[in-house]
Amino acid sequence: MSADILREGAARRQQEGWKGLRPWSERILVLRSDALNCYVRAGASVEDSWKLESIEVAPSNKKVPRCCLEVKDLREDAVSFFLFSSPNERNGWLEAILSAKHANTARTQAPPPEVSQRTTSRPMPPPGPSGRGEERLEVVATAEASGAAGSDSPDEETSSSEEG
């Protein structure tokens, strides 16, 4: 997975079980920009991974008041509880997960960039029969002002009727 690590730390995990009689096991949590990963130990392979868009996270008082998080997997309708060492640590994880979830949602739902409707870099001549002539006068006036009026470019028309 190539997403950056946003937060990493230890917590005790209890998966949902019969009347909550499942043991609490030490785990390593890694929050990435798109997923929350759970490892049995550092350096081990991923035990569980939840895409941020498919989970709900909420504070819980399951084991110790103000130190637990409830992570509900909406795809499998499964719940895991994570116990942290302090309310501050639990709140830090909650804030980080919700922040990453919000950023991930905003990134995936961002509107496509606006595409300009303009297809040419030249300005359109004004409508009407004299539009081309007015554009031509602006080009000649600009060329004369820059000293290029006497150039031998193929586009430049010379008018002997204007000289007399």
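Everything here concerns the structure above.
Residues numbered from 1 in each chain as written. Predicted model: local features only at pLDDT ≥ 70, side-chain atom pairs only at ≥ 80, totals over all residues. Heavy atoms only, no water.

Let's hear about the overall build of the chain: which residues, and what values?
Secondary structure summary: the chain contains two helices and seven strands in total. For the chain, with 164 residues in total, the buried portion stands at 27%. Taking contacts inside the chain between residues at least 6 apart in sequence as the whole, the part at least 24 apart equals 41%. Of the accessible surface of the chain, which amounts to about 11,600 Å², a share of 51% is contributed by carbon and sulfur atoms. (Helix = DSSP H or I, 4+ residues; strand = E, 2+ residues; numbered from the N terminus. Buried < 20%, exposed > 50% of the residue type's maximum accessible area, 1.4 Å probe, protein only. Contact = heavy atoms within 4.5 Å. Areas by Shrake-Rupley, 256 points an atom, 1.4 Å probe, with all protein chains shown as cover.)

Outline the nonpolar core, listing residues and values.
The biggest cluster of nonpolar side chains holds 18 residues, and the ones touching the most others in it are Leu31, Leu36, Phe82, Trp93 and Ile97. Among the elements that make up this core, the one with the highest residue count is helix α1 (residues 87–108) (five residues). Discounting chain neighbours no more than four positions away, the residues touching Leu31 are Asp4, Ile5, Leu6, Arg7, Leu36, Leu52, Trp93, Ala96, Ile97 and Ala100. Cys67, Val79, Phe81 and Leu83 belong to the second-largest nonpolar core, a separate cluster that totals six residues. (Core = buried A, V, L, I, M, F, W, Y, C linked by side-chain atoms within 4.5 Å.)

Give me the lowdown on the packing of aromatic side chains, citing residues and values where you can.
Summed over the entire model, instances satisfying the criterion amount to two aromatic pairs. Taking the centre distance of 6.0 Å and the plane angle of 85° together, the rings of Trp50 and Phe82 count as edge-to-face. Of this pair, Trp50 sits in strand β4 (residues 46–51) while Phe82 sits in strand β7 (residues 78–83), and the two are 32 residues apart along the sequence. On the basis of relative accessibility, which here comes to 1%, the residue Phe82 falls in the buried class. (Phe/Tyr/Trp six-rings, centres within 6.5 Å; stacked < 30°, edge-to-face > 60°.)

Got a sec to walk through the sheet that holds strand β6 (residues 68–73)? Specific residues and values, please.
An order of β4-β3-β2-β1-β7-β6-β5 is seen for the seven strands of this open sheet, with the pairing classed as antiparallel. In the strand order of this sheet, the two ends are held by β4 and β5 (55–60), each with one partner. Shown here is a sheet whose adjacent strand axes are inclined to one another by a mean of 30°, direction ignored. For strand β3 (residues 35–39) and β4, the ladder comprises five bridges, and the chain directions are antiparallel. Paired with Cys38 across the bridge in β4 is Asp48. (Pairing = 2+ DSSP bridges. Axes fitted to C-alpha atoms, helices over the stretch in contact; angles between N-to-C directions.)

Go over the pairing of strand β2 (residues 25–32) with me, naming the residues and quoting the values.
Every other side chain in a regular strand lies on the same face of the sheet, so the side chains alternate between the two faces. Summarising burial for β2: six of the eight residues are buried, a large majority. Hairpin geometry of β2 and β3 is characterised by an intervening segment of two residues between the two adjacent antiparallel strands.

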